[in-house]
Every structure is written in structure tokens, then in C-alpha cells.
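Understanding the architecture of this molecule
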Amino acid sequence: MRSLFTHSSQKAARRKSRLSALATVLMVAASAVALAATPSAAAGPAPADPGPNDDSFYTPPSPLPAGAPGDVIRWRPSPAPQFTGTVNSWQVMYLSADEDGAPNAVTGTILVPKTANPATAPIVSFASGTHGGAFRCAPSSMLAVGAGYERPAIADMLKAGYAVVMTDYAGYHVKPKTTYITGLSEGRAVIDMVRAGQKLPAAKLSTTAPVFFRGYSQGGGAALWAGQLQPEYGQDVKLAGVVAGGVPGDLVQVTLKLDGSRGFGFLLYALVGLNNAYPEINLASYLNDAGRAAVADVENEACTLELVVKYKNKALSEFTTDTPVQEALLAAVAKNKLGTMPVKVPVLQYHGSNDDIVAFGQADTLHKTYCRAGVNLTWKTYPTDHITGIFDGNADAMTFLKDRVAGTPATPNCP
């Protein structure tokens, strides 16, 4: 009897436990439905008070606030040692969208020259070139310590009276997970950086000001992606022109040039970035021990200099047990190939004919693709390599911007 009683009691206890668990599941499910039906607190106007002064500024809130792309989640005044005394500067975190169109949070910097009237200043969304995957490499962090290598271009735009807004792109957190070279998310971040600049009350930028997208290398690709996406994703942005240099438009052709070359670090970083954006690539499954160490280094420690110096002339075969160029990677690359949509405003595209990092031929093909699509495009080439091209194209870029601001018609040179 005792044994039977004990067995019956245990059975009843298990039944009660199952009912309790079921009730818990139902309550959780009901709560989830209620939460889904209840709008989150809107991001709305930018917060009145500045955000934290430490690195926690870069950590997105979870869950993200509801709101529109470009809504400012947090902001803070930011030093700009390279432009001391000549600009007002802020760092912002704002709402944007990732490669799949899902909401994300991105950080960036707003620079407004003190001599300009912010209510009329043209706005340039400057897409930075490769900075590297480590958290310390974020463009806004580099600007804050005076280490931005694209300073001459930024300085010329500020001197001309333009407001410069500069996205960090997605993934620069204390534990970084950047989606390097993923054009769909980069283009949206470039567009939404303009909106964030216009929504930050302290910046006082106009929503009717002419807007330009500009960048070189990674930034050149991001600027053109923003130009392609703008007619649907950024209709409220008064886009007047796009300047794009050293553009990696076809990642397959760029990759073929990089394996075994001095630019191999950019190839490895591109694999890391695409894998972060598209986890189905499963990069880890193709890596050997050296590859796992290199990927961890690229993602957490390396900035541009380390990518160039540490991985110079390396080959993918040194880091893998099998090629990662499989269906998932090829699908991701195809999604991020430029030229599938026209840009609706005048474009200046330029490239070094001796570019040793971003293959010249694929950029030439891209400009011809745009021309066939009816893009108002000016194509410039310089007898230079990739790094020198950062500086060689600046004068023509500034002339292009100034002419568009002045209302001078563009002079395309499509065949």
C-alpha cells in the first residue's frame, strides 16, 4: 500500500507539474502576443540629454526602440581633434536597417563647420573606407582621437561649408560584429546617417538641403549602394549627386585579385563581414587552426594597417581546409553586386588604372553598366594605385560637388 500510495503521489505530482508547466507556457505565449500587439516606446525626437561618455554608448538597447529609419536613439558631443575649433561635432546612434531590411542600430559622427549656416548647408554623407573590424577602429572613434586617414577629403568639404555626416556602418560594438562590404546594409546606413543629422536638434541641419553620398573603396561601394537604394528607401532625402572612387562593385572579381596579394587582409575581412551578415555561409567550418586565429584577430584586433601589413601576400589556402566559395557565399556575393539598379542623380565614378587592391576591370565594367542603364555618369581614371587614389581623386570630387551645389549641369562622358 505504501508503495502504491507513493507511486500514486508521484504520478499526481508529475501531472501537477505538467499542468503548471503548461500554464506557464500559455502565460508566456499570451504575454508575447500582448507585447507584439503593443507598440514599443517610439524613438521619436532625439533624447534631450546626451548619452553615456564611455564605450557603452556603442551598445544598442535591447529591444530596439520603435521608430523610423534615422531616428536618433542617443547622442553626445564629440571631440574632433583634426578640426579643432572649426567644427561642432556629435556622435549619434540611430535606427537603420540591415542587409535583410530588419531594424538595427548604427553609430556615426556629425560635423558642422562653425562658419556655415546649418539651415542652408549642403550635407555630404561621407562613407568611410576600410577601417578594420576591431571596436577601436570604428570611424567615429578614429575621428574622436584625430586618427582619420581620410582627413584631407573631409577637411575640404568642411572648408567649402558642407556639413559632413559619417556612418560607422553596422556592428561596431564593444564586442564587434561588423558586416564589412555588405552593400545593402551599408547603403541604408549611409542614407539614414543623413536623416539622423537632420533629426538631431543641436545640428540644426535642414531637411531641404541638397544631399550627396561620397566615399572611396569600401566607402565608394557604400555611396553607390546608397544611390541605388535612395529612390525607394530614401525618398525624403534630397539627393543631388554621388561621388564614388575605387569601387569594389563585383566582389568575385575583387577577390580573384586579392588572394596571395598585399591586399589579402581585405579578402579575409570581407569573408568575416559577409559571414556576420549571412551566418549560413558558416565560415568556421572551412577554417584550420591558423584560420580560426586569423579570423578572431581580424574581427577583434585588426585595423586597416594590420590588415595591410600582417596579412600581406597571404593566401586563403593557408587558413582553410576547404574553399569557402560555396553556394551560400556565392549567393551573398550576388546579392551585394552593384549595378543591378540605376542611380537617378549625377554620378562621378573614378578609379586608379594601376589599382593593386580593388581590380580596375570590374570598376570599368560597372561604369559601363550604369551608362547602359542611362545613369548620368562621369568616369575618371588616374595612373595610380589604390591607396594613392584616395588622394588623387579629391580635387575632381570637390569640383563635382561644388558644381552640383551651384546648379551647374553635369557633363557625363558615357560612350
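Residues numbered from 1 in each chain as written. Predicted model: local features only at pLDDT ≥ 70, side-chain atom pairs only at ≥ 80, totals over all residues. Heavy atoms only, no water.

So, the layout of surface pockets
When its volume is computed, the largest pocket comes out at roughly 650 Å³. Taken together, 36 residues line the largest pocket, and the ones lying closest to its centre are Tyr-180, Val-254, Leu-258, Phe-266 and Leu-267. Contributing elements (two or more residues each) for the lining of the largest pocket: α6 (251-258), α7 (264-277), α9 (304-310), α10 (327-335) and α12 (386-392). Within the lining of the largest pocket, the residues separate by chemical class into 27 nonpolar, 8 polar and 1 charged. No fewer than three residues from each of domain 1 (55-249 + 341-406) and domain 2 (252-332) sit in the lining of the largest pocket. (1 Å grid on protein atoms, 1.4 Å probe; cavity = no way out; pocket = protein on both sides within 12 Å on 5 of 7 lines; lining within 4 Å. Points joined across faces, edges and corners; volume = space filled by probe spheres on them. Helix = DSSP H or I, 4+ residues; strand = E, 2+ residues; numbered from the N terminus. Nonpolar A, V, L, I, M, F, W, Y, C, P; charged D, E, K, R; others polar. Domains from an automatic or database assignment.)

Overview of the environment of Val-298
One can find Val-298 in helix α8 (residues 289-300). Since its relative accessible area comes to 0%, Val-298 is described here as buried. Separated by 26 residues in the primary sequence, Val-298 and Val-272 place their C-alpha atoms 7.9 Å from one another. Not counting chain neighbours up to four residues away, the residues in contact with Val-298 comprise Gly-133, Ala-134, Leu-268, Tyr-269, Val-272, Leu-307 and Tyr-311. (Buried < 20%, exposed > 50% of the residue type's maximum accessible area, 1.4 Å probe, protein only. Contact = heavy atoms within 4.5 Å.)

Here we look at the packing of aromatic side chains
If you walk through the whole model with that rule in mind, you get 8 aromatic pairs. Seen from their ring centres, Tyr-58 and Phe-135 are 5.1 Å apart, and the 85° between their planes marks the pair as edge-to-face. Remark: Phe-135 occurs in the loop between β4 (123-127) and α2 (139-144) and Tyr-58 occurs in the loop between α1 (2-37) and β1 (72-77); sequence separation between them is 77 residues. Just as Tyr-58 is buried, Phe-135 falls in that class too. Ring geometry for Phe-360 versus Trp-379: centroids 6.0 Å apart, planes at 45°, classification tilted. Here the residue Phe-360 occupies a position in helix α11 (residues 360-372), and Trp-379 occupies one in strand β9 (residues 377-382), the gap between them amounting to 19 residues. On the basis of relative accessible area, Phe-360 is assigned to the partly exposed category, the value being 23%. (Phe/Tyr/Trp six-rings, centres within 6.5 Å; stacked < 30°, edge-to-face > 60°.)

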